[in-house]
Amino acid sequence: MTLDTDASITAAFTYDIAHQVRVDDGSSNYYPSIQSAYDAAAENGVIRLWATTYNESLSCSRPVTITLQGGYDSNYSTLIGEPVLNGALTVTDGTLILDGFSIR
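Owing to the predicted nature of the structure, the values given are computational and were not obtained by experimental measurement. (Residues numbered from 1 in each chain as written. Predicted model: local features only at pLDDT ≥ 70, side-chain atom pairs only at ≥ 80, totals over all residues. Heavy atoms only, no water.)

Caption draft 1: View of the pattern of salt bridges. Counted according to the given criterion, the structure contains 2 salt bridges. One salt bridge connects Arg-22 with Asp-24, and the closest N-O pair in it is separated by 2.7 Å. Put simply, Asp-24 and Arg-48 hold a salt bridge, and the shortest N to O gap is 2.2 Å. Residue Asp-24 is located in strand E1 (residues 21-24), and its partner Arg-48 is located in strand E3 (residues 45-50); the two are separated by 24 residues in the primary sequence. Given a relative accessible area of 22%, Arg-48 falls into the partly exposed group. Salt bridges linked by common partners bring Arg-22, Asp-24 and Arg-48 together as one network. (Salt bridge = Lys/Arg side-chain N within 4 Å of Asp/Glu carboxyl O. Helix = DSSP H or I, 4+ residues; strand = E, 2+ residues; numbered from the N terminus. Buried < 20%, exposed > 50% of the residue type's maximum accessible area, 1.4 Å probe, protein only.)

In short, the description is geometric, and any link to function would need to be established separately.
This is how it looks when you write it as structure tokens:
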């Protein structure tokens, strides 16, 4: 776009929640929430998270070991910060490993 005179421009941005959580299980499946990724992850699965705030509660009740690894940019190529779970975390079965992850 080229502007030759004063102009007013409006831009709208849509946050891509559908790809903010990824399960690395050989096929890199994307999920809109940590809970949905946890529910789908296989034993010894790694769930990668964007460096953003997740407003949800997470209930871990499966007999599996899962790693939550976070702080990635939108391409999952660089660690740029820390994901924050703004909600409750409950673990009643299995093992949950937190790598670069905060809970409020």
